[in-house]
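# Architecture and fold: a report
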Amino acid sequence: MERRQFLGGVTAASISAIAGCTASGGPEVGSIELVQPEPRVVSVDQNDSEFLSTIHNRGYDGSVMLELHYFRDQNVPQPEVANQFEDANYDDRTFDVARSFFFSEDERREVSFAPTREPPEEWEMPEYGISPFPASYGVIIENSGSSGQFEIELTYKDTLGYDLEEPSSKLESVDSDEQVEVLFDVMIPGDVEYEIFAEPA
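Heads up: these notes are all about the structure in this document.

### Considering the overall build of the protein
When its secondary structure is counted, the protein shows zero helices and 13 strands. The buried share of the protein, reckoned over its 201 residues, is 43%. Look at the contacts in the protein between residues 6 or more apart in sequence, and 78% of them connect residues 24 or more apart. Of the roughly 10,500 Å² that the protein leaves accessible, carbon and sulfur atoms contribute 40%.

### Some points on the nonpolar core
The biggest cluster of nonpolar side chains holds 26 residues, and the ones touching the most others in it are Ile 141, Ile 152, Leu 154, Tyr 156 and Ile 188. For this core, the secondary structure elements donating two or more residues are strand E9 (137-143), strand E10 (148-158), strand E12 (179-184) and strand E13 (193-200). Ranked by the residues each element gives to this core, the list is headed by E10, at four residues. Once residues within four sequence positions are removed from consideration, Ile 152 is found in contact with Val 139, Ile 141, Ser 169, Lys 170, Glu 172, Val 182, Phe 184, Ile 196, Phe 197 and Ala 198. Membership of the second largest hydrophobic core comes to 16 residues, among which are Val 41, Phe 51, Ile 55 and Val 111.

### Thoughts on the side chain of Ser 63
Structurally, the position occupied by Ser 63 is in strand E5 (residues 62-71). A polar contact of 3.5 Å, which involves the side chain of Ser 63, links it to the side chain of Asp 185. Setting aside anything within four residues of it in sequence, one finds Ser 63 in contact with Pro 37, Ser 100, Phe 101, Phe 102, Pro 134, Ala 135, Ser 136 and Asp 185.

### Quick notes on the sheet that holds strand E7 (residues 108-113)
Strand order in this open sheet of three strands is E3-E4-E7, and the pairing throughout is antiparallel. The open sheet is flanked by strand E3 (39-47) and E7, the only strands paired with a single partner. For this sheet, the mean inter-axis angle between neighbouring strands, taken without regard to orientation, is 25°. As defined by bridge partners, E3 adjoins strand E4 (residues 50-57) across eight bridges and the pair is classed as antiparallel. In the sheet register, Asn 47 faces E4, and the bridge partner there is Glu 50.

### A short note on the pairing of E9
Within E9, six of the seven residues are buried, which leaves it mostly tucked inside the rest of the structure. Taken together, the six bridges between E9 and E12 define a ladder with antiparallel strand orientation. Within E12, the position partnered with Gly 138 by the bridge is Leu 183.

### Side note on the pairing of E10
Note that E10 and strand E11 (residues 170-174) share five bridges and pair antiparallel. When the sheet's bridge partners are listed, Gly 148 is paired in E11 with Val 174. Pairing analysis gives eight bridges linking E10 to E13, with the strands arranged antiparallel. Across the sheet, Glu 151 pairs through a bridge with Glu 199, a residue of E13.

Quick notes on the rules
- Every chain begins its residue count from 1, and numbering advances along the sequence as written.
- For this predicted model, a pLDDT threshold of at least 70 governs which residues receive local features, and a threshold of 80 or more governs which side-chain atom pairs are given and counted, while totals over whole chains, interfaces and linings are taken from all residues.
- Hydrogens and waters are ignored; side-chain quantities use all the structure's heavy atoms.
- To qualify as a helix, a DSSP run of H or I must reach at least 4 residues; to qualify as a strand, a run of E must reach at least 2; elements of each kind are numbered from the N terminus.
- Only protein chains enter the area calculation, which uses a 1.4 Å probe; residues under 20% of their type maximum are buried, those over 50% are exposed, and those in between are partly exposed.
- A contact between two residues is defined here by any heavy atoms of the two lying within 4.5 Å.
- Areas reported here follow the Shrake-Rupley algorithm with a probe of radius 1.4 Å; residue values treat only the protein chains shown as occluding.
- We call a set of buried residues a nonpolar core when its members are Ala, Val, Leu, Ile, Met, Phe, Trp, Tyr or Cys and they connect through side-chain atoms within 4.5 Å of each other.
- Under the rule applied, a polar contact is a pair of N or O atoms within 3.5 Å (in protein, one hydrogen donor and one hydrogen acceptor; residues adjacent in sequence only if both atoms are side-chain atoms).
- Criterion used throughout: strands pair if DSSP finds at least two bridges between them.
- Axes, fitted as lines to C-alpha atoms, cover a helix only where it is in contact. Angles between the N-to-C directions of the axes lie from 0 to 180 degrees.

Here you go:
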């Protein structure tokens, strides 16, 4: 079985908005920054019954979903969205297994996969590949007011027909002039627009 000669990462391209409100004498949303991991596949190899992949997270801390796929041949493209969002069966590509890993900012390390099945027997020269997807989306919020709590919410502007469930909002305590990073462990297809709202609670 051949490994993929071209391996790329997929990062959700989203339009995000953050809204803040000011409570007199309380916490106040100051500077804000959207954050998410940006995983890239550096290498993929096979060692006996395991698949090994070196992943470089060029983005922020967060969870990364890695998927193992088999391909009929080198002409079959990598998947554009995570397997859970695909509703079509493919004759030339098959999903095997997915694993979630937490990566720190700019971390690069090797991870291993134990496959659950073999590619279809009728494929003469199958290939395999690892597809990476961000699995955390969030914000870094600075409190420019006094100590207090912020409520942070992630919502979708348009799900584009995908079956997406909005995560529960989060409540975070933040001291004056302190920053806090809030992550939502959620998978979002790359063309879905989302918003993150933060306001004093």
